[in-house]
Amino acid sequence: METQKTIPQTRVYTLTKIALCITLLIVCSYLVVPLPFTPVVITGQTLAVNLIALLLTPKQTFAAISVYLLAGLIGLPVFAGGISGPAKFVSPTGGFLIGFLAAAVLISLLKGKNNQFWRYLLVTALVGIPVINLFGVIMMSITQGVTLQAAFLSAVAPFLIGDVIKAVLASLLAFLLNKRLPKQFTA
């Protein structure tokens, strides 16, 4: 007689939560507002990356962002505006993609065990945004052949207020969602 193994409910819930977070990041990547003075576009990606990091454990966060990046790397149209492929990683904005992974894991590690809006906001605004932007500035400087200062002025400075607004929104959403989810299922 064959014994059927069942997947524990928490594992199904965890995998579903990760999949929903990846989907959210993909959807937010399609929310694009191009600007005429820079190759960097306004997207909802930073909001989604922050939210994912605040909702998931560090391992789950790493898995979610890695799957997103791998999907884009192999050609699925998941990056800003439906772009994909390995060339995106070495483009002027490719550093931001790499920065998503580093920042999200750091945010998830530093968010603490308690559901605290102010801690979430401090971690996303003071760790997440700078890490994402650091990777973006470095790649922009390399690919465009400009100084770090010039890269910062074109790729980061115009977006700082929007990044802080996204950090506030992600922190608020995470605080509210973590408050509502059953304790055994929260990160």
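The present account deals with the structure reproduced in this document. Predicted model, so just to flag it, every value in this text is computed and none were measured. (Residues numbered from 1 in each chain as written. Predicted model: local features only at pLDDT ≥ 70, side-chain atom pairs only at ≥ 80, totals over all residues. Heavy atoms only, no water.)

1. Some remarks on the side chain of Asn50
Among the structural elements, Asn50 can be located in helix α2 (residues 45–55). Accessibility expressed as a relative area gives 0% for Asn50, which makes it buried. Residues contacting Asn50, with those up to four places away along its chain left out, are Ile107, Thr124, Lys166, Ala167 and Ala170. (Helix = DSSP H or I, 4+ residues; strand = E, 2+ residues; numbered from the N terminus. Buried < 20%, exposed > 50% of the residue type's maximum accessible area, 1.4 Å probe, protein only. Contact = heavy atoms within 4.5 Å.)

2. With respect to the packing of α2 against helix α5 (residues 117–144)
In contact at an axis separation of 11 Å, α2 and α5 are set at 125 degrees when each is read in the N-to-C sense. In terms of axis orientation, α2 runs oblique to α5. For the pair α2 and α5, the crossing hand works out as right-handed. Note on element contacts: α5 touches α2 through Tyr120, Thr124 and Ile132, opposite Thr46, Val49, Asn50 and Leu54. Broken down by class, the residue content of the contact of α2 with α5 amounts to four nonpolar, three polar and no charged. (Axes fitted to C-alpha atoms, helices over the stretch in contact; angles between N-to-C directions. Parallel < 35°, antiparallel > 145°, perpendicular 65-115°, else oblique. Left-handed = near helix turned anticlockwise from the far one by under 90°. Nonpolar A, V, L, I, M, F, W, Y, C, P; charged D, E, K, R; others polar.)

3. What about helix α1 (residues 9–29)?
Between its first and last C-alpha, α1 extends 30 Å over 21 residues, near the 30 Å set by a 1.5 Å rise per residue. For α1, the set of buried residues is Lys17, Ile18, Cys21, Ile22, Leu25, Cys28 and Ser29. For α1, the buried positions fall inside an angular range of 135 degrees around the axis, keeping them on one side. Away from its buried face by more than 90 degrees, α1 exposes Gln9 and Leu20. (Expected span 1.5 Å × (residues − 1). Arc of directions from axis to C-beta.)

4. What to know about the packing of aromatic side chains
Counted according to the given criterion, the structure contains three aromatic pairs. Ring centres 5.6 Å apart and planes at 85 degrees place the aromatic pair Phe79 and Phe89 in the edge-to-face group. In this pair, Phe79 sits in the loop between α3 (58–73) and α4 (94–110) while Phe89 sits in the loop between α3 and α4, placing the two residues 10 residues apart along the sequence. Summarising the burial analysis for this pair, Phe79 and Phe89 share the class buried. Between the aromatic rings of Phe117 and Trp118, the centroid separation amounts to 5.0 Å while the plane-to-plane angle is 75 degrees, which identifies the pairing as edge-to-face. (Phe/Tyr/Trp six-rings, centres within 6.5 Å; stacked < 30°, edge-to-face > 60°.)

5. A word on α3
Compared with an ideal rise of 1.5 Å per residue, which puts 16 residues at 22 Å, α3 spans 22 Å between its outermost C-alpha atoms and is within 8% of the ideal. Buried within α3 are the following residues: Gln60, Thr61, Ala64, Ile65, Tyr68, Leu69, Ala71 and Gly72. On an axial view of α3, the arc spanned by its buried residues comes to 165 degrees, and they lie on one face. Summarising the contacts, the buried residues of α3 are in contact with α1, α2 and α4.

6. Let's talk about the packing of α2 against α3
It is at 9 Å that the axes of α2 and α3 come closest, and there the two elements cross at 150 degrees. Judged on the interaxial angle alone, α3 and α2 are roughly antiparallel. Note on packing geometry: the crossing formed by α2 with α3 is right-handed. Contact residues: Gln45, Val49, Ile52 and Ala53 in α2; Thr61, Ala64, Ile65 and Tyr68 in α3. Taken together, the residues of the contact of α2 with α3 sort by class into six nonpolar, two polar and no charged.

7. A closer look at the layout of surface pockets
One number sums up the size of the largest pocket: a volume of about 310 Å³. Along the wall of the largest pocket there are 22 residues; nearest its centre are Val40, Val41, Thr43, Gln45 and Phe96. Elements supplying a minimum of two residues to the lining of the largest pocket: β2 (42–43), α2, α4, α5 and α7 (160–180). In the lining of the largest pocket, the residues fall into 14 nonpolar, five polar and three charged. (1 Å grid on protein atoms, 1.4 Å probe; cavity = no way out; pocket = protein on both sides within 12 Å on 5 of 7 lines; lining within 4 Å. Points joined across faces, edges and corners; volume = space filled by probe spheres on them.)

Such coordinate-based values are descriptive only and should not be taken to indicate function.
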